[in-house]
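Report on the structure
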Amino acid sequence: MKREVWNTRTGFILAAIGSAVGLGNIWRFSYIAYENGGGAFLIPYLVALLTAGIPLLILELGVGNKFMGSAPVALKRAKKGFEWIGWWGVIASFIITTYYSVIAGWSLVYLLKAFTLGWGLDTGSFFQ
């Protein structure tokens, strides 16, 4: 069976960036950083990104490219006892997808209520 590959390098880069950024960095990160001192949080964030985030991304891409399989299969091919690590990634992806579905549902409800002003005159109490 022939395995699909990325057609362009640009498509792969955009998908990797979209996966790395995530909804939390766009939706809540800036607000939380502002509430807790602003730019001071960027130092540990960048340290974590450079020491863990980017090296783990490169490791994941390398293992996937070398062993050509899903996360559990690729890690099992790398070493027999490592398959369970791949399943943790699958479980985490399921939880994140469930979370994003809830956020999308809230967004849809708020969008529909925006057309009818469903929150009434007191918007503060509606959103709290």
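For the structure, see preceding data.
Notes on the structure in this doc start here. Just so it is clear, the model here is predicted, and its values are computed rather than measured. (Residues numbered from 1 in each chain as written. Predicted model: local features only at pLDDT ≥ 70, side-chain atom pairs only at ≥ 80, totals over all residues. Heavy atoms only, no water.)

On to the packing of aromatic side chains, then. One pair of aromatic rings is described through two measures. These are the centre distance and the angle between the planes. The tally for this structure, following the rule as stated, stands at one aromatic pair. Between Tyr99 and Tyr100, the aromatic rings sit 6.1 Å apart at their centres with planes inclined by 45°, giving tilted as the arrangement. Lying across the ring of Phe67, Lys66 places its NZ or CZ 5.7 Å from the centre. (Phe/Tyr/Trp six-rings, centres within 6.5 Å; stacked < 30°, edge-to-face > 60°. Lys NZ or Arg CZ within 6 Å of the ring centre and 35° of its normal.)

Of note, Met68 is a non-glycine position whose phi angle comes to about 45°, a positive value. Topologically, Met68 is positioned in the loop between helix H3 (42–67) and helix H4 (71–78). (Helix = DSSP H or I, 4+ residues; strand = E, 2+ residues; numbered from the N terminus.)

So, about the packing of H4 against helix H5 (residues 83–116). One way to put it is that H4 packs onto H5 with a least axis distance of 7 Å and a crossing angle of 165°. Classed by the angle they form, the pair H4 and H5 counts as roughly antiparallel. Remark: the crossing between H4 and H5 carries right-handed chirality. From H4, Ala71, Pro72, Leu75 and Lys76 reach across to H5, where they touch Glu83, Ile85, Gly86, Trp87 and Val90. For the contact of H4 with H5, a count of residues per class yields six nonpolar, one polar and two charged. (Axes fitted to C-alpha atoms, helices over the stretch in contact; angles between N-to-C directions. Parallel < 35°, antiparallel > 145°, perpendicular 65-115°, else oblique. Left-handed = near helix turned anticlockwise from the far one by under 90°. Contact = heavy atoms within 4.5 Å. Nonpolar A, V, L, I, M, F, W, Y, C, P; charged D, E, K, R; others polar.)

All right, on to a nonpolar patch on the surface then. Together, Phe82, Trp84, Ile85, Trp87, Trp88, Val90, Ile91, Phe94 and Ile95 make up an exposed nonpolar region whose accessible area comes to about 970 Å². With respect to the helices and strands, Phe82 occurs in the loop between H4 and H5. Its relative accessible area of 35% is what places Phe82 among the partly exposed residues. (Patch = residues over 30% accessible without salt bridge, like charges linked within 9 Å, V, L, I, M, F, W, Y side chains within 5 Å. Areas by Shrake-Rupley, 256 points an atom, 1.4 Å probe, with all protein chains shown as cover. Salt bridge = Lys/Arg side-chain N within 4 Å of Asp/Glu carboxyl O. Buried < 20%, exposed > 50% of the residue type's maximum accessible area, 1.4 Å probe, protein only.)

Looking now at H4. Residues Pro72, Ala74 and Leu75 constitute the buried set of H4. Along the long axis of H4, the arc covered by the buried residues comes to 165°, so they all point the same way. Looking at the buried residues of H4, the elements they touch are H3 and H5. (Arc of directions from axis to C-beta.)

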